[in-house]
Amino acid sequence: MITIENYINGELVAPFEGKYIDNYNPSKGEVYSQIPNSQKEDVDLAAKAASDAFPGWSKTPKNKRSEILVRLADLIDKNLDELARAEALDNGKPYKLATRVDIPRASANIRFFATAILHDASQSHHMEEGFTNYTLNHPLGVVGAISPWNLPLYLFTWKIAPAIASGCTVIAKPSEVTPMTAYLFSKLCIEAGLPKGVLNIVHGLGAHAGDAIVSHPKVKAISFTGGTATGRIIGRKAAESFKKTSLELGGKNPNIIFADCDFDAMLNTTLHSSFANQGQICLCGSRIFIQKPIYEKFKKAFLAKLANHTVGNPFDEGTKMGALVSKDHLEKVLGYVKLAQEEGGKVLFGGNQLTVEGSENGYYMEPTVIEGLDFNCRTNQEEIFGPVVTLTPFETEEEVLEYANSTEYGLAATVWTENLTTAQRMSQELESGIVWINCWLVRDLRTPFGGVKNSGLGREGGFRALEFFTEPKNVCIKY
Ligand code: NDP
């Protein structure tokens, strides 16, 4: 049994009260590690360490900060296999996916912001009356980073890298459900020589450790990725003490397929955008809208592909889909399949829990395709966050725009068409932070990332992320 510890003031430490929570391996349904059940006292210690470290770290020259962070990125690359195995075990995702996507992206996040700070510039404004203004960008101070379980190290580093690079010090809480890679990462921080207190990782429940970070008077900003309901609680609480917030929340993304699309390319990518990471990516296209002339052709080809979409143990060579992250989550997703049927939906494929040989207690589920639902029903409006997609036919652009924009969410949309004018018009009209045309989840880390409506507040990515962690100060000089 592995015992995870907090990382505070440069050291691995037991939680203040000495209490731990069970951590499950979802592919076996077994407890395999213990994580600190941290409380306010642990967050207080982390806040003190972060606050003590801030003057030194914020004044450390950028090239030195950059050097340490690049060293950390190199260590992630060096330990790719161990980290990918840990991610697959902790989350249930295919080991291959963690090797190809999660862990390389974690090191890319750190490298990106470590080098971005070397190219930063500040503005100046000249006045004809004889004054010149220039802007200083000061790091905010101690900031909080709270991340979810679906892409654990990937999203954890996406938050802490710009914070640390810009000179802030951090208290971070990974999801209680997937703490392992953040724990291994804390060991890499020690190996990389990250000065003590610059990053502090406090493990535990959102309602205790998470809440204590959001409420802490020393914390100046909260960068949060997670569900919309949690985001609302955090936003409200942070507002009481005027903390800056960046909120990346849920999605119910449309995947819009026009009859003139490149069918084969669309089909292959749609398989990924529907079921990658067991459908547990905030960007997955869970509502598939297909133009009527190709509706039946699409349905047939999509279902045929699914016949080979193997669900299995994350470490098996042929596994395309692993286990869902937890028993509770599996039950929630299965509950939505039941709801879809009550709402008049027809399950075309899957819909059930699966037993995988050798991993009988794991939280596996079949990829699931449902048709025959109204665009306005709960199944088509609420975020399911699992391997469940709905198929809905449409005729015109106007009609599909009404369907696509009908939810409270607005994170990402995908459009498949060879017609540039249609693509342009759709991009203008879709209520979405991100629009992918003839592709999905292609990420350039310089671009603005985030959602509209209830999918979030603010944007991450590029210099925007660095800006979030700094406070501009205008200096005006008379000459
Ligand atoms: P949750 O909102 O349940 O949790 C996210 C994090 O917040 C966890 O670390 C959680 O801790 C913590 N937390 C929970 N309650 C509080 C609280 N009151 N105060 C402070 N922190 C708290 O999300 P999930 O982990 O279930 O992740 C799935 C969600 O994340 C989906 O809705 C998905 O769409 C969204 N997401 C959004 C992305 C985006 O970029 N927009 C990207 C990826 C996911 P604990 O685990 O202990 O509860």
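Look up a bit, the structure's there.
This one's a predicted model, so the numbers in the text were calculated from it and none came from an experiment.

**Notes on the overall build of the chain**
Scanning the chain from N- to C-terminus turns up 15 helices and 23 strands. In summary, the chain has a C-alpha radius of gyration of 23 Å against a globular reference of 23 Å for 479 residues, a match within 12%. Considering only C-alpha atoms, the chain reaches an extent of 70 × 65 × 40 Å along its principal axes. Restricting the contact set of the chain to residue pairs at least 6 apart, pairs at least 24 apart contribute 74%. Side-chain charges in the chain split into 48 positive and 55 negative, and the spacing between the mean points of these groups amounts to 5 Å.

**Digging into the layout of surface pockets**
Empty space among the atoms becomes visible once a probe the size of a water molecule is rolled across them. Counted as a void, the largest pocket has a volume near 860 Å³. The wall of the largest pocket is formed by 37 residues, among which Trp149, Phe224, Gly226, Gly227 and Thr230 lie closest to the centre. At the level of secondary structure, the elements contributing two or more residues to the lining of the largest pocket comprise α7 (206-215), β11 (219-225), α8 (228-240) and α11 (327-342).

**Re helix α5 (residues 152-165)**
Here α5 is 14 residues long and its end C-alpha atoms lie 20 Å apart, about the 20 Å a rise of 1.5 Å per residue gives. The element α5 is largely enclosed, with a buried count of 14 among its 14 residues. A positive backbone phi angle near 105 degrees is found at Gly167, which sits one or two residues after α5.

**Focus: the state of the cysteines**
Tallying each qualifying case throughout the model produces zero disulfides. Cysteine Cys439 remains unbridged, with the sulfur of Cys261 as its closest cysteine sulfur at 13 Å. Of the residues examined, Cys439 reaches a relative accessible area of 23% and is grouped as partly exposed.

**Considerations on the nonpolar core**
Ile160, Ile164, Val170, Phe185, Leu194, Leu199 and Leu283 are the most contacted members of the largest nonpolar core, which has 76 residues in total. Counting residues per element, this core draws most heavily on α5, at ten residues. Aside from chain neighbours lying at most four places away, what touches Phe185 is Leu72, Ile76, Ile110, Leu153, Phe156, Thr157, Ile160, Leu199 and Ile201.

**Topic: the sheet that holds strand β7 (residues 131-139)**
Read across the open sheet, the three strands follow the order β6-β7-β23; overall the sheet is antiparallel. At either margin of the open sheet sits one strand with a lone partner, and together these are β6 (124-127) and β23 (470-478). The sheet shows a mean angle of 20 degrees between the axes of neighbouring strands, taken without regard to direction. The pairing of β6 with β7 spans four bridges and is antiparallel. Considered in β7, the bridge of His125 is made with Asn133.

**Digging into the packing of α7 against α8**
Interaxial distance between α7 and α8 falls to 9 Å at its minimum, and their mutual angle equals 35 degrees. Residues Asp211, Val214 and Ser215 of α7 pack against Ile234, Lys237 and Ala238 of α8.

**Thoughts on the site of the ligand**
Around the ligand sit 31 residues in total, of which Gly206, Thr230, Leu249, Cys282 and Glu383 are the nearest. One nitrogen or oxygen atom from the side chain of Lys173 is found 2.9 Å from an oxygen atom belonging to the ligand. Compared with its free state, where it exposes 910 Å², the ligand has 87% of that area covered by protein. Of all the secondary structure elements, the ones that give two or more residues to the shell around the ligand are α7, β11 and α8. Looking at side-chain class alone, the shell around the ligand contains 14 nonpolar, twelve polar and five charged residues.

**Let's talk about a nonpolar patch on the surface**
The grouping of Tyr134, Leu136 and Ile477 at the surface amounts to a nonpolar patch, some 230 Å² of accessible area in total. Position of Ile477 among the secondary structure elements: in strand β23. By relative accessible area, which is 40% here, Ile477 ends up partly exposed.

**Structural notes on a negative patch on the surface**
Negative charge collects at one region of the surface, where Asp260, Asp262, Asp264 and Glu418 lie side by side. You can see Glu418 is positioned in the loop between β20 (412-416) and α14 (420-429). What makes Glu418 exposed here is its relative accessible area of 53%.

**Digging into the sheet that holds strand β1 (residues 2-3)**
Spatial strand order, β1-β5-β4: three strands in an open sheet with mixed pairing. The outermost strands of the open sheet, each flanked by one partner alone, are β1 and β4 (20-25). Where β1 and strand β5 (residues 30-36) come together, two bridges link them in parallel fashion. Within β5, the position partnered with Thr3 by the bridge is Gln34.

Definitions and limits used
Residues numbered from 1 in each chain as written. Predicted model: local features only at pLDDT ≥ 70, side-chain atom pairs only at ≥ 80, totals over all residues. Heavy atoms only, no water. Helix = DSSP H or I, 4+ residues; strand = E, 2+ residues; numbered from the N terminus. Rg over C-alpha atoms; globule rule 2.2 N^0.38 Å. Contact = heavy atoms within 4.5 Å. Lys, Arg positive; Asp, Glu negative; His and termini not counted. Charge placed at Lys NZ, Arg CZ, Asp CG, Glu CD. 1 Å grid on protein atoms, 1.4 Å probe; cavity = no way out; pocket = protein on both sides within 12 Å on 5 of 7 lines; lining within 4 Å. Points joined across faces, edges and corners; volume = space filled by probe spheres on them. Expected span 1.5 Å × (residues − 1). Buried < 20%, exposed > 50% of the residue type's maximum accessible area, 1.4 Å probe, protein only. Disulfide = S-S within 2.5 Å. Core = buried A, V, L, I, M, F, W, Y, C linked by side-chain atoms within 4.5 Å. Pairing = 2+ DSSP bridges. Axes fitted to C-alpha atoms, helices over the stretch in contact; angles between N-to-C directions. Near = heavy atom within 4 Å. Polar contact = N/O pair within 3.5 Å; in protein donor to acceptor, adjacent residues only side chain to side chain. Areas by Shrake-Rupley, 256 points an atom, 1.4 Å probe, with all protein chains shown as cover. Nonpolar A, V, L, I, M, F, W, Y, C, P; charged D, E, K, R; others polar. Patch = residues over 30% accessible without salt bridge, like charges linked within 9 Å, V, L, I, M, F, W, Y side chains within 5 Å. Salt bridge = Lys/Arg side-chain N within 4 Å of Asp/Glu carboxyl O.

In short, geometric facts, not functional conclusions.
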